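Each chain is listed here by its residues.
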Amino acid sequence: QKGSAMKNRIKGLLIACAALPLVVGCGSDGDSGSDAVDQAHEVQDAYIEAFRAGDATAMTELYDADIRWSNPTHSDTNTGVAQAESLAGWVVEVTNTEETEIVDRFVSDDGTHGVVVIHWLGNRSDNGEPYDLYMTQVHGNDDGKIVSIDVSWANRDAREQLQG
């Protein structure tokens, strides 16, 4: 029985040692990720504040120089801060920031991604027709910058509402 008890203790220690990186560092190299998570929350807060203020310049200051902005729903992809800045300017132009609602938002446990769900209201730039859309943006984060934005629409007619 002594040998059995010792084997169980050793097994317990081995299991504890194997699980330790998961508890301490979420499976990473020991970094808990809390700094990355805090940084991701700060970037997300600043992005939402700039969006609500209609400040495209403040939005683009959060972008990495090589940002990739994609809309897989419509097979659109734009790369680089100049194209993303142009998109941000257009978004600000057509958005009714007073009525647009941030439905939900959160950051991944490791801080590498942020999600913003938006009830987006505004008027088309070409004819002033109103639109009413639900959008999810998934932001890839790295070193305090947004490196990617993936947009998905909950409305089948999103392109028609925005562009006719």
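First things first, this report covers the structure right here in the doc. All of these numbers come straight from a predicted model, not from anything done at the bench. (Residues numbered from 1 in each chain as written. Predicted model: local features only at pLDDT ≥ 70, side-chain atom pairs only at ≥ 80, totals over all residues. Heavy atoms only, no water.)

The subject of this paragraph is the nonpolar core. Of all hydrophobic cores here, the largest spans 28 residues; its most connected members are Tyr47, Tyr63, Trp120, Ile146, Ile149 and Trp153. With 5 residues, helix H2 (residues 34-53) is the single largest residue contributor to this core. The residues contacting Tyr47, other than those within four sequence positions of it, are Met59, Leu62, Tyr63, Trp69, Gln137, His139, Ile146 and Ile149. (Core = buried A, V, L, I, M, F, W, Y, C linked by side-chain atoms within 4.5 Å. Buried < 20%, exposed > 50% of the residue type's maximum accessible area, 1.4 Å probe, protein only. Helix = DSSP H or I, 4+ residues; strand = E, 2+ residues; numbered from the N terminus. Contact = heavy atoms within 4.5 Å.)

All told, the structure shown has 4 aromatic pairs when counted by the stated rule. Measuring from centroid to centroid gives 5.0 Å for Trp120 and Tyr131, while their planes differ by 65°, and the two rings are edge-to-face. Pair noted here: Trp120 is in strand E4 (residues 113-123) and Tyr131 is in strand E5 (residues 130-142), with a separation of 11 residues, a long-range link. A single burial state applies to Trp120 and to Tyr131, both of which are buried. Between Trp120 and Trp153 the ring centres are 5.6 Å apart and the planes differ by 20°, which places this aromatic pair in the stacked class. Here Trp120 is found in strand E4, whereas its partner Trp153 is found in strand E6 (residues 145-153), with 33 residues between them in sequence. As far as burial versus exposure is concerned, Trp120 and Trp153 are alike and both buried. Here the aromatic residues Trp90, Trp120, Tyr131 and Trp153 are joined through ring pairs into a cluster of three or more. (Phe/Tyr/Trp six-rings, centres within 6.5 Å; stacked < 30°, edge-to-face > 60°.)

This part covers the environment of Ala82. Inspection of the secondary structure assignment puts Ala82 in helix H4 (residues 81-94). A relative accessible area of 58% means that Ala82 is categorised as exposed. Here the alpha-carbon distance between Ala82 and Ile67, two residues 15 residues apart in the chain, equals 9.3 Å.

Limitation: the analysis is restricted to geometry and does not speak to function.
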